[in-house]
Each structure stands twice: as structure tokens, then as C-alpha cells.
Amino acid sequence: MAFDLIARHAGLRALLVNYADRIEHGHAPDGPATGACFLALQWIGDDPTCAPAEPQLLTAQAHMPRHRSIDPLFLDFVLERLTAALTVGAARELIAIRCLATSRDFAESDVGTIYKTSAFEIAPATRQRTGEAVLELERLEPWTGGVHPGACGVVRSSSAFMSMN
């Protein structure tokens with residue numbers, strides 16, 4: 001499930017393909033680095049392709065060639081996009097994902113890249129019971145019954161009701 005969320009993002013998917021290409025052509029772990037940036041994922045736990053039965057740990061490393069280290073902000077950008085892709089609302093019903101930590105500084109690898117790391121905890125989502133859902137609704141700001149001007153093309157009118165005719 002979490003891998004599907006990552007693969008839906010075109011940029012992250014391209015970085016995963018770069019990693020697969022790198023491994024396929026023998027550039028890892030001790031071969032020379034290519035000029036491409038890549039994203040490496042390491043799972044600790046159950047099968048990452050389905051919703052986990054128990055909490056899992058996902059470690060992600062965003063890599064870029066050492067000679068391009070003039071702009072290491074790219075690594076921050078990749079890890080921020082990864083965090084956003086993993087925490088979208090569509091998957092929250094099945095899994096809960098939280099970022100545990102992201103390295104502050106980049107590190108140098110022995111294969112000609114620099115990288116930063118983020119760690120994520122992926123766990124089964126806790127189902128909300130009906131009573132909990134009602135209590136959560138009660139904590140929301142009360143609805144006044146009016147519609148804000150411009151919302152869905154409807155203008156609020158306090159003196160007249162809309163006619164369905």
C-alpha cells in the first residue's frame with residue numbers, strides 16, 4: 001500500500017526507476033556512480049506491497065551525485081515530496097504513516113553520491129468507532145447553517161429561501 005502511494009508520484013517513481021537501473025547495470029553497491037539521482041527504499045517488517053498487519057519501518061535515502069552537491073536542497077525536496085506522497089488522505093483508512101526523523105545534513109556514500117535519509121513508521125490504521133466519530137464531530141466548530149458567499153455559486157440570503165421551481 002505505501003509503495004503504491006510512492007509510485008503514484010511521477011517524480012518519485014522516476015527516482016525509483018533510476019535506482020533499479022543503477023542496480024541492474026552493476027553500479028551498486030561498490031561500482032562507480034552514474035550521473036542520475038535516485039531514491040532507495042529499505043523495509044523492515046511485513047510485505048510492503050499490502051497493508052501491514054503490524055508496524056513496519058521504511059527507511060528512504062535520496063541520493064545525488066557528489067559532483068552535483070552544490071545544491072543539496074534537492075535531497076530535502078525529494079524527502080518532502082516522499083513525506084507528502086505517503087501521508088495523503090486516501091490511504092489513511094487502511095494505514096497510518098508518520099515520519100519519524102529526517103537527517104539534518106547530507107552524508108557521503110562510498111559510491112560517489114551524497115544522500116539524506118528519512119525514516120517512516122507504517123502501521124495499520126485504527127478504526128474509529130461510531131461514538132468516537134460523533135465526539136470528533138462535536139469538537140468541530142459549530143455550523144451556522146449559512147453558506148459563505150461564492151461557495152459553489154450560491155449566495156447566502158437570510159431573508160429568502162431558494163426556490164426549487
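So, how was this worked out
- Residues numbered from 1 in each chain as written.
- Predicted model: local features only at pLDDT ≥ 70, side-chain atom pairs only at ≥ 80, totals over all residues.
- Heavy atoms only, no water.
- Helix = DSSP H or I, 4+ residues; strand = E, 2+ residues; numbered from the N terminus.
- Buried < 20%, exposed > 50% of the residue type's maximum accessible area, 1.4 Å probe, protein only.
- Contact = heavy atoms within 4.5 Å.
- Areas by Shrake-Rupley, 256 points an atom, 1.4 Å probe, with all protein chains shown as cover.
- Polar contact = N/O pair within 3.5 Å; in protein donor to acceptor, adjacent residues only side chain to side chain.
- Core = buried A, V, L, I, M, F, W, Y, C linked by side-chain atoms within 4.5 Å.
- Phe/Tyr/Trp six-rings, centres within 6.5 Å; stacked < 30°, edge-to-face > 60°.
- Salt bridge = Lys/Arg side-chain N within 4 Å of Asp/Glu carboxyl O.
- pLDDT = per-residue confidence, 0-100.
- Pairing = 2+ DSSP bridges.

(A) Quick look at the overall build of the chain. When you go through the chain residue by residue, the secondary structure sums to four helices and five strands. Reading the secondary structure of the chain in the N-to-C direction produces α-α-β-β-α-β-β-β-α. Taking all 165 residues of the chain together, the buried fraction comes to 26%. Contacts spanning at least 24 positions in sequence make up 60% of the contacts within the chain whose residues lie at least 6 apart. As displayed, the chain offers around 11,100 Å² of accessible surface, 56% of which is attributable to carbon and sulfur atoms.

(B) Expanded view of the side chain of threonine 113. Its location among the elements puts threonine 113 in strand β5 (residues 113–124). Among the polar contacts made by the side chain of threonine 113, one reaches the side chain of histidine 63 at a distance of 2.8 Å. One polar contact links threonine 113 to serine 109, side chain to side chain, over a distance of 2.6 Å.

(C) Layout of the nonpolar core. With 23 residues, the main nonpolar core has Ile6, Leu12, Leu39, Leu82, Leu86, Ile97 and Phe120 as its most contacted residues. Elements with a minimum of two residues in this core: α1 (2–7), α2 (10–24), β2 (56–65), α3 (73–86), β3 (95–102) and β5. Tallying contributions element by element places α3 first for this core, with six residues.

(D) Just the packing of aromatic side chains, in detail. Going through the model one piece at a time under the given rule, you end up with one aromatic pair. Geometrically, the ring pair formed by tyrosine 19 and phenylalanine 38 is stacked, given 5.6 Å between the ring centres and 25 degrees between the ring planes. In this pair, tyrosine 19 sits in helix α2 while phenylalanine 38 sits in strand β1 (residues 38–44), placing the two residues 19 residues apart along the sequence. Classification of tyrosine 19 by relative accessible area gives partly exposed; the value is 27%. Given a relative accessible area of 4%, phenylalanine 38 falls into the buried group.

(E) Layout of the pattern of salt bridges. What the rule picks out here adds up to three salt bridges. Where glutamate 121 meets arginine 98, a salt bridge forms, and the shortest distance between an N and an O atom there is 2.9 Å. Separated by 23 residues along the polypeptide, glutamate 121 in strand β5 and arginine 98 in strand β3 bring together distant segments of the chain.

(F) Expanded view of the confidence of the model for the chain. Across the chain, pLDDT averages 74, with 62% of residues at or above 70. When the elements of the chain are averaged for pLDDT, helix α4 (residues 130–138) gives the smallest value, 52, and β2 the largest, 93. Here residues 142–165 is modelled with pLDDT under 50, and outside its nearest four sequence neighbours on either side it reaches six contacts, counting other chains as well.

(G) Representation of the pairing of β2 in the model. Where burial is concerned, most of β2 is hidden: eight out of the ten residues are buried. Summarising the sheet, β2 and β5 pair through ten bridges and their orientation is antiparallel. When the bridges of β5 are listed, glutamine 61 appears paired with threonine 117.

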